[in-house]
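Listed below, chain by chain, are the residues.
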Amino acid sequence: MTGDWLDIGWVEEIPLRGSRTVQVDGGDDIAVFRTGDNRVFALLDRCPHKHGRLSQGIVHGGAVACPLHNWRISLATGEALGEDRGCTPTVPVKVSGGRVLLCRAGTLKAAA
């Protein structure tokens, strides 16, 4: 842990166009995504529609497709795309020195 940021590992540990999850004690997991162009995003691991695990979805461009009903969720905003409506909480994330860092306060708030 680095101050207000939680170090969750090397960026290369997240597969390109894939994700990994971070467990939060007493709350919902956080899904951390890495896009094909190496951008990193973090969302609550729950689709706003039927609560499918977004970490099990397919990442394409700047969105992830929910594995349950194919809702597309923006990785940057958590908003459902297209005609679908709903939002998944985002968690502030940054990469520093090749390490992925989650905002502690944002993680706890999103997972509560």
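Residues numbered from 1 in each chain as written. Predicted model: local features only at pLDDT ≥ 70, side-chain atom pairs only at ≥ 80, totals over all residues. Heavy atoms only, no water.

An unreviewed UniProt entry annotates the chain as Nitrite reductase of Sphingomonas metalli.

Take unusual backbone geometry next. Most of the time, phi is negative for any residue but glycine, and the peptide bond is trans. One non-glycine residue, Arg17, lies in positive phi territory at about 60°. As for its placement among the helices and strands, Arg17 is situated in the loop between strand E1 (5-10) and strand E2 (18-22). Of note, His51 is a non-glycine position whose phi angle comes to about 65°, a positive value. Of note, His51 is situated in the loop between strand E4 (40-44) and strand E5 (58-60). Accessibility expressed as a relative area gives 49% for His51, which makes it partly exposed. (Helix = DSSP H or I, 4+ residues; strand = E, 2+ residues; numbered from the N terminus. Buried < 20%, exposed > 50% of the residue type's maximum accessible area, 1.4 Å probe, protein only.)

The next thing to look at is the environment of Thr21. Note on placement: Thr21 falls in strand E2. Its relative accessible area of 30% is what places Thr21 among the partly exposed residues. With 32 residues separating them along the chain, Thr21 and Arg53 place their C-alpha atoms 9.9 Å apart. What Thr21 contacts, discounting residues up to four positions off in sequence, is Ile30, Asp45, Arg53 and Ser55. (Contact = heavy atoms within 4.5 Å.)

Let's shift gears to the pattern of salt bridges. Counted by the stated rule, this structure contains 6 salt bridges. With a closest N to O distance of 3.0 Å, Arg99 and Asp7 form a salt bridge. Of the two residues, Arg99 sits in strand E9 (residues 99-103) while Asp7 sits in strand E1, which places them 92 residues apart along the sequence. The partner of Arg53 in a salt bridge is Asp29, with the nearest N and O atoms 3.6 Å apart. With Arg53 in the loop between E4 and E5 and Asp29 in the loop between E2 and strand E3 (30-34), this residue pair connects regions lying 24 residues apart in the sequence. (Salt bridge = Lys/Arg side-chain N within 4 Å of Asp/Glu carboxyl O.)

One open sheet holds the 3 strands; their spatial order is E1-E9-E8, and the pairing between them is antiparallel. Edge strands, defined here as strands with exactly one partner in the open sheet, are E1 and strand E8 (93-96). Strand-to-strand twist of the sheet, defined as the mean angle between neighbouring strand axes without regard to direction, takes the value 30°. (Pairing = 2+ DSSP bridges. Axes fitted to C-alpha atoms, helices over the stretch in contact; angles between N-to-C directions.)

On to the side chain of Ser19, then. Checked against the element boundaries, Ser19 lands in strand E2. Accessibility expressed as a relative area gives 18% for Ser19, which makes it buried. Here Ser55 takes part through its backbone oxygen, which lies 2.8 Å from a polar atom of the side chain of Ser19. Contact partners of Ser19, with chain neighbours within four places excluded, come to Ile14, Val32, Phe33 and Ser55. (Polar contact = N/O pair within 3.5 Å; in protein donor to acceptor, adjacent residues only side chain to side chain.)

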